[in-house]
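# Close look at the chain arrangement
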Protein chains: 2
Amino acid sequence: MKKSIAAVGLDVGGTNLKCALIDIKGKILSVRCKQTQAACGRRRVLHNIKTLIRELLEVSGRTPQSVLGIGVGTPGYILNGRVQGSPNMPGWAGAPIERELRRKFGTPCFAANDVTLAALGEFKFGAGKGLNNVVCYAIGTGIGGGLVLNGELYEGTRGMAGELGHVTVEPGGRKCSCGRRGCLEAYASATGMTAITRELLKKSNNRHSAIYRTVKGDLEQITPKIIYGCAKAGDRLANRINGMVCKYLAVAAGGVINSLSPDMVILGGGVMAAGKIILDKVRKFLPAYTLREPRENCRLAAAKLGEHAGVIGCGALVFRKLGPRRAIPR
Amino acid sequence: MKKSIAAVGLDVGGTNLKCALIDIKGKILSVRCKQTQAACGRRRVLHNIKTLIRELLEVSGRTPQSVLGIGVGTPGYILNGRVQGSPNMPGWAGAPIERELRRKFGTPCFAANDVTLAALGEFKFGAGKGLNNVVCYAIGTGIGGGLVLNGELYEGTRGMAGELGHVTVEPGGRKCSCGRRGCLEAYASATGMTAITRELLKKSNNRHSAIYRTVKGDLEQITPKIIYGCAKAGDRLANRINGMVCKYLAVAAGGVINSLSPDMVILGGGVMAAGKIILDKVRKFLPAYTLREPRENCRLAAAKLGEHAGVIGCGALVFRKLGPRRAIPR
C-alpha cells in the first residue's frame, strides 16, 4: 500500500519529548512521548530523541525513507541546524541536532526554535491559516514568542527573534527571572501572576478571596487554573489579577501591532486554557496602546492547535523547506 | 552619449517635496525641491509633484524613458500604489500616486511609506549596508519607523507597519499627540522633549539652566538643537532631559531587539544631529531592557544618509522592484 505523504515532528521540551507523524494537511497520524532527561546532558537527550523517533516510525509502520523528513522544535537559539544557546536548558547548548538526525536516519532534518515553530503551526494549520503576517505569544511558565512575517518564518539574526516575554512593559517594574525589571513575563506568565497573587494574599484584607479558600491558605498551591476558575466565578481579587495580566499583554501586543501591523496576534500556551476571559479583556485594553488603523486591521485570537501546535509546526517546517514539488514519499 | 542607469526618487514631506536623480550606487546625481502645498488638497500636491519631476528631468537632460522608473516616499499608509490614510497630511488620503505618475510619464512608478523608504535607503546604501535585518527610527517632530526584514522591505498588513513612535514605553504616562498616553513620541520626539523642557523650566529652581539663558526666558524658542548644545556644554538639566529621552529610546529599541533580533537598529531624523551623546546614552541603558544574546548581536548606529535617506530610499525601491536584470536604461 502506498503511504501518504508525512513528516516526523519532534518537540523538545524541558521535561518531555513529543514526537508525531504529521500529514501534509497538518493532521497528527500518530504520536509518542518520552522523558527528555535534560539534566543528564545533551548526549543523553540526543540518544532519547533518536530512540523516540525510531519507536514512532515503528509503531507507524514507516521506514525513515518513507517520511519526507524530520522537523525539530527546541528551546533556545538555533543557527545552521545547531543549538547556539539555550537559556532554559543549559546542557543542551551546542547540540548539532540537524546533523545528528540526518546521519542517523538518512533523511532531511530541519530545526528551529520551538515557539517559532508553534507559530508556524498556527499560521499554516491553525488560527492564522490563510494570513500573511502572524505573531504568536506562548504564555506558560514563561512567555515565548514566534513570528511569521511576509508569509515566512522570521527567525532574526542568528535565530534569536521572538523573545516577546522579555519586552519591557513597565520600566523599573517587577523583577523578572531574566534579572531585568518590568518584563511582560514578570506580570503575565504563570510564574508572574501566581507570584503576584501570593503577595496580594499575604495581606490579610485579601483573605476573603475565593483563591485563598480554594488553596486552603497554602499559597504555594496557587496556579493560573485556580486564579481563572475564581475569576470566572466572579471573585474580585482574581478579576483584579486578570485585569493586570491583560493590561500588560495589551501593552506588549499593542507594541507589536504598532510596529509590525500583523494580520493576527495569537495568544497560546497553557495559561490560555482560560480563553475568552483573557481575550476579551486584552481587546478592551488594546485601544489605549495602539493606533486605530493597524489595530482595526489586526485580529486578536486564541491559538487553535493547543498543545499540539509545536509538533504540527515541526511538520510544517519540513513541508515548507522541501516544498510541494519535493513533497513526494519515497 | 549613453546615460548611466538611474531612477527618480521623490520624497513627499508635509512642507516640501524633494526630487532627486539617483544612480544605481545610491549617489544623488541631481536634486530639486518645491513646496508641497498640502493644505491645497491632493490634486494640487499631485500637480506639484508632476511639475517637480518634469523640472528635474529637464535639468538632468533626461527623458522619462531614459530613467528606470520613479520611486515615491510619502507619509501615511500605502497599499497597491494608493495612499490609504495619512494621519499627518489629511487631504492626501486616497491619492492614486502610482497610477497618476505612470500615466503622466509612461515609466514604472512605485510608492511606499516615506520612513519605510528611508530605512530601505540606509539598508541598501547607508549604515545598514550588507546586513539582513534592520530597524530604523526617524526622530524628528514626531517619531516614525521603517523595517527591512529578511532582506526585504517589511510593510505589514495594508502597509501600516513601522509606527514605532506610538509604542507604549510608559503605561499611563505623558499624553501623546495621538491621544493615547505613554507613547515613545511623547518623550523622545522634538515635540515631546521640548514640551518636557518647557515644563521643567517653568519651575523656578531650574532657571539657572543654560537652556533658560540661551532662549532668554522665551520658552517657545526651545529646540532639540538648543537642548543638546547645552547638554554637550555640561548643563545639568539638559543632560537630565537627554537621560530621559535615551531611557525611553532604550525601552523602545530594547523591545524591538528582543522581538526581532535585528542586525542593526538605526537612529536617524533631525534630532540625531546631536549624534554621539544620544547613541552613547541609549547604549548605556539598553542592557536594562534587552536579553544579552540578541543585544550582543545587534548594533545601534546613527543614520548615515542624513536628510537624503528618503530620496535615496525611493531610488532603491525602483532598483529593487525592477531587479538587476531589468536595470538597463532605455
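Scroll up for the structure.
Every value quoted in this text rests on a predicted model; they were computed, and no experiment measured them.

### Looking at the overall build of chain A
Across its full length, chain A carries 11 helices and 12 strands. Over its C-alpha atoms chain A spans a radius of gyration of 21 Å, differing by no more than 12% from the 20 Å that the globule rule assigns to 330 residues. The C-alpha extent of chain A, read off along each of the three principal axes, is 65 × 45 × 35 Å. Relative to its full complement of 330 residues, chain A shows a buried share of 62%. Here the contacts in chain A between residues at least 6 apart in sequence split such that 63% fall between residues at least 24 apart. Element-wise, carbon and sulfur atoms account for 49% of the exposed surface of chain A, whose accessible area totals about 13,600 Å². Averaging the locations of the 49 positively and 22 negatively charged side chains of chain A gives two centres separated by 3 Å.

### Examining the packing of helix α7 (residues 224-232) of chain B against helix α8 (residues 236-260) of chain B
All names here are of chain B. Across the interface, α7 lies against α8 with an axial gap of 8 Å and an inter-helix angle of 115°. In this view, α7 runs roughly perpendicular relative to α8, as classed from their interaxial angle. In the packing of α7 onto α8, the handedness of the crossing is left-handed. Across from Ile-227, Tyr-228, Cys-230 and Ala-231 in α7, the residues of α8 making contact are Ala-238, Asn-239, Ile-241, Asn-242 and Val-245. In terms of residue class, the contact of α7 with α8 is made up of seven nonpolar, two polar and no charged.

### Focus on the interface of chain B and chain A
Accessible area lost upon the coming together of the parts is a frequently used measure of interface size. The interface of chain B with chain A comprises 44 residues on the first partner and 44 residues on the second. The junction of chain B with chain A conceals about 3,500 Å² of combined surface from both sides, 55% of it contributed by carbon and sulfur atoms. Summed over the shared surface of chain B and chain A, the number is zero salt bridges. At the boundary of chain B with chain A, the tally comes to 18 residue pairs in polar contact (both at pLDDT 80 or more). Of all the elements in the fold, those that place two or more residues in the side of chain B that touches chain A are β9 (143-149), β10 (152-154), α8 and α10 (292-296) of chain B. A per-element tally of the side of chain B that touches chain A places α8(B) first, with seven residues.

### Description of the pattern of salt bridges
Summed over the entire model, instances satisfying the criterion amount to 22 salt bridges over all chains. Among the salt bridges present, the one from A:Asp280 reaches A:Arg283, with a minimum N-O distance of 3.5 Å. Taken together, the residues A:Asp280 and A:Arg283, both in helix α9 (residues 276-285) and three residues apart, mark about one turn of the helix. The shortest N-O distance in the salt bridge between B:Arg174 and B:Glu199 comes to 2.9 Å.

### A short note on the relation of the copies chain B and chain A
The two copies are related by a screw operation: chain B maps onto chain A through 180° of rotation and 0.0 Å of translation along the axis, at an RMSD of 0.0 Å. Expressed as a symmetry operation, the mapping of one chain copy onto the other fits a two-fold axis. Mapped onto chain A, 100% of the interface residues of chain B are again interface residues, and the two copies thus contact each other with one and the same surface.

### Observations concerning the packing of aromatic side chains
The final tally for this structure, using the stated rule, is two aromatic pairs over all chains. Between A:Lys284 and the ring centre of A:Phe285, over which it is positioned, the NZ or CZ distance is 5.4 Å. In this structure, B:Lys124 is placed above the aromatic ring of B:Phe125, and the distance from its NZ or CZ to the ring centre is 5.8 Å.

### Looking at the side chain of A:Thr36
Residues and elements named next belong to chain A. Mapped onto the fold, Thr-36 is located in the loop between β3 (28-35) and α1 (42-60). Classification of Thr-36 as buried rests on a relative accessible area of 0%. A polar contact is formed between the side chain of Thr-36 and the backbone nitrogen of Leu-17, at a distance of 3.3 Å. Other than its neighbours up to four places away in sequence, Thr-36 contacts Val-12, Gly-13, Gly-14, Thr-15, Asn-16, Leu-17, Val-45, Asn-48 and Met-89.

### Re a positive patch on the surface
All names here are of chain A. Where like charges cluster on the molecular surface, the positive patch consists of Arg-42, Arg-82, Arg-99 and Arg-103. Looking at the secondary structure, you find Arg-103 in helix α2 (residues 97-105). Of the residues examined, Arg-103 reaches a relative accessible area of 63% and is grouped as exposed.

### Here we look at unusual backbone geometry
The phi angle at A:Asn80 is positive, at roughly 50°, despite the residue not being glycine. Within the secondary structure, A:Asn80 sits in the loop between β5 (77-79) and β6 (82-85). For B:Ser261, which is not a glycine, the phi torsion comes out positive at approximately 45°. For B:Ser261, a relative accessible area of 0% translates into the label buried.

### Quick word on the sheet that holds strand β12 (residues 299-302) of chain B
What links the strands of a sheet is backbone hydrogen bonding, and the strands pair in either a parallel or an antiparallel sense. Residue and element names in this part refer to chain B. Spatial strand order, β10-β9-β8-β11-β12: five strands in an open sheet with mixed pairing. Whereas interior strands pair on both sides, the edge strands pair on one side only; in this sheet they are β10 and β12. Taken pair by pair, the neighbouring strands of this sheet meet at an average axis angle of 25°, ignoring direction. On the sheet, helix α9 (residues 276-285) packs against β11 (264-268) and β12 and is oriented at approximately 165° with respect to β12.

### A look at the nonpolar core
Core analysis: the largest hydrophobic core is formed by 116 residues, its most contacted members being A:Tyr137, A:Ile278, B:Tyr137 and B:Ile278. In this structure, A:Ile278 is in contact with A:Tyr228, A:Asn242, A:Cys246, A:Leu249, A:Leu267, A:Val271 and A:Met272, ignoring residues within four places of it in sequence.

### Re helix α2 (residues 97-105) of chain B
All names here are of chain B. Listed in full, the buried residues belonging to α2 are Ile-97, Glu-98, Leu-101 and Phe-105. One side of α2 holds all its buried residues, which, seen down the axis, span an arc of 95°. Buried positions along α2 lie against α1 (42-60), β4 (70-74), β6 (82-85) and β7 (109-113). Downstream of α2 by a residue or two, Gly-106 has a phi angle that is positive, lying close to 65°.

### With respect to the sheet that holds strand β7 (residues 109-113) of chain A
All names here are of chain A. In space, the five strands of this open sheet follow the order β3-β2-β1-β4-β7, with mixed pairing throughout. Each end of this open sheet is capped by a strand with a single partner; those strands are β3 and β7. Neighbour-to-neighbour, the strand axes of the sheet open up by a mean angle of 15°, direction not taken into account. Sheet topology places strand β2 (residues 16-23) next to β3; seven bridges connect them, and they run antiparallel.

Conventions we followed
- Residues numbered from 1 in each chain as written.
- Chains lettered and ligands numbered in written order.
- Predicted model: local features only at pLDDT ≥ 70, side-chain atom pairs only at ≥ 80, totals over all residues.
- Heavy atoms only, no water.
- Helix = DSSP H or I, 4+ residues; strand = E, 2+ residues; numbered from the N terminus.
- Rg over C-alpha atoms; globule rule 2.2 N^0.38 Å.
- Buried < 20%, exposed > 50% of the residue type's maximum accessible area, 1.4 Å probe, protein only.
- Contact = heavy atoms within 4.5 Å.
- Areas by Shrake-Rupley, 256 points an atom, 1.4 Å probe, with all protein chains shown as cover.
- Lys, Arg positive; Asp, Glu negative; His and termini not counted.
- Charge placed at Lys NZ, Arg CZ, Asp CG, Glu CD.
- Axes fitted to C-alpha atoms, helices over the stretch in contact; angles between N-to-C directions.
- Parallel < 35°, antiparallel > 145°, perpendicular 65-115°, else oblique.
- Left-handed = near helix turned anticlockwise from the far one by under 90°.
- Nonpolar A, V, L, I, M, F, W, Y, C, P; charged D, E, K, R; others polar.
- Buried area = accessible area lost by both parts, 1.4 Å probe.
- Salt bridge = Lys/Arg side-chain N within 4 Å of Asp/Glu carboxyl O.
- Polar contact = N/O pair within 3.5 Å; in protein donor to acceptor, adjacent residues only side chain to side chain.
- Least-squares fit on C-alpha atoms with pLDDT ≥ 70 in both.
- Phe/Tyr/Trp six-rings, centres within 6.5 Å; stacked < 30°, edge-to-face > 60°.
- Lys NZ or Arg CZ within 6 Å of the ring centre and 35° of its normal.
- Patch = residues over 30% accessible without salt bridge, like charges linked within 9 Å, V, L, I, M, F, W, Y side chains within 5 Å.
- Pairing = 2+ DSSP bridges.
- Core = buried A, V, L, I, M, F, W, Y, C linked by side-chain atoms within 4.5 Å.
- Arc of directions from axis to C-beta.

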